[in-house]
Amino acid sequence: MRGPQFDAAGCDELCFWSYPEQTLETLEHALRLGERPRMLVTTTPRPIQALKRLIVAPDTVVTRSSIWENQANVAPDFINALRQRWAGAARQRQELDGELIEDVEGALWRRADLEALRERSDGPYEHVVAAAFAGSSATR
């Protein structure tokens, strides 16, 4: 996107891009034509920094929709499979209801705490691994 310029951009599934923050920063510089350049972003919400930054921007208008509002345009078997797979789970709220889920109820760690572990003085960690083990008395 370096070089071109636009008056509009459509961005699909932002939360699943490999480099969402960097790509948006580059795109925002290319949106410089017309009286009011605009960007449309559609995505299944995930708590990534790029999406959270867009949501709180003063010029952002947020709309939400769930799979249920679109089910007339989707195969009934697909809807039934989703219901069976994610009924009552946090994943249902994210994938089907379009909610931005920061933390899963009952989780041992908060997302913000794990993300804070990525930062350190000599550079960010690539991966943070957290695990909990339940052992039986026979293994002691």
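This text follows the structure it describes.
Every value quoted in this text rests on a predicted model; they were computed, and no experiment measured them. (Residues numbered from 1 in each chain as written. Predicted model: local features only at pLDDT ≥ 70, side-chain atom pairs only at ≥ 80, totals over all residues. Heavy atoms only, no water.)

Looking only at helices and strands, one finds five helices and two strands in the chain. Relative to its full complement of 140 residues, the chain shows a buried share of 19%. Counting contacts in the chain only where the partners sit at least 6 residues apart, residues at least 24 apart contribute 60% of the total. Put simply, the chain shows about 10800 Å² of open surface, and 50% of that area lies on carbon and sulfur atoms. (Helix = DSSP H or I, 4+ residues; strand = E, 2+ residues; numbered from the N terminus. Buried < 20%, exposed > 50% of the residue type's maximum accessible area, 1.4 Å probe, protein only. Contact = heavy atoms within 4.5 Å. Areas by Shrake-Rupley, 256 points an atom, 1.4 Å probe, with all protein chains shown as cover.)

Turning our eyes to something else, we now look at the pattern of salt bridges. Scanning the model with the defined rule gives four salt bridges in all. Close ionic contact of Glu 21 with Arg 53 constitutes a salt bridge, the shortest N to O distance being 2.8 Å. Of the two residues, Glu 21 sits in helix α1 (residues 20–30) while Arg 53 sits in helix α2 (residues 49–56), which places them 32 residues apart along the sequence. With a closest N to O distance of 3.3 Å, Arg 53 and Glu 28 form a salt bridge. Of the two residues, Arg 53 is situated in helix α2 and Glu 28 in helix α1; the sequence distance between them amounts to 25 residues. On the basis of relative accessibility, which here comes to 28%, the residue Arg 53 falls in the partly exposed class. Members of the salt-bridge network, linked through shared partners, are Glu 21, Glu 28 and Arg 53. (Salt bridge = Lys/Arg side-chain N within 4 Å of Asp/Glu carboxyl O.)

The next subject is unusual backbone geometry. A positive phi is found at Glu 13, a non-glycine position, where the angle reads about 55°. Structurally, Glu 13 is set in the loop between β1 (8–12) and α1.

A few words on the pairing of strand β2 (residues 38–42). Alignment of β1 against β2, held across five bridges, turns out to be parallel. Bridged to Gly 10 within β2 is Leu 40. In this fold, the crossover linking β1 to β2 by way of α1 has right-handed handedness. (Pairing = 2+ DSSP bridges. Right-handed = clockwise from strand over helix to strand, strands pointing away.)

On to the environment of Gly 98, then. Looking at the secondary structure, you find Gly 98 in the loop between α4 (90–96) and α5 (111–118). Other than its neighbours up to four places away in sequence, Gly 98 contacts Pro 45, Arg 64, Ser 65 and Arg 93.

This part is about helix α3 (residues 76–86). Every buried residue of α3 is accounted for by Ile 79, Leu 82 and Trp 86. Burial along α3 is one-sided: seen end-on, the buried residues are contained in an arc of 60°. Counted as exposed and oriented over 90 degrees from the buried face of α3: Pro 76, Asp 77 and Gln 84. In this fold, the buried residues of α3 make contact with α4. Just past α3, the residue Gly 88 takes up positive phi, approximately 75°. (Arc of directions from axis to C-beta.)

It is at 8 Å that the axes of α1 and α2 come closest, and there the two elements cross at 45°. As the angle between them shows, α1 and α2 are arranged oblique. Facing Pro 20, Glu 21, Leu 24 and Glu 28 of α1, the residues of α2 in contact are Gln 49, Ala 50, Arg 53 and Leu 54. (Axes fitted to C-alpha atoms, helices over the stretch in contact; angles between N-to-C directions. Parallel < 35°, antiparallel > 145°, perpendicular 65-115°, else oblique.)

Time to look at the nonpolar core. Leu 14, Cys 15, Leu 24, Ile 48, Ala 50, Leu 51 and Leu 54 form the largest nonpolar core, which has seven residues in total. Among the elements that take part in this core, α2 stands out by supplying three residues, more than any other. In this structure, Leu 24 is in contact with Leu 14, Trp 17, Met 39, Ala 50, Arg 53 and Leu 54, ignoring residues within four places of it in sequence. Counting five residues, the second-largest nonpolar core is a separate cluster that includes Ile 67, Ile 79, Trp 86 and Leu 96. (Core = buried A, V, L, I, M, F, W, Y, C linked by side-chain atoms within 4.5 Å.)

In short, geometric facts, not functional conclusions.
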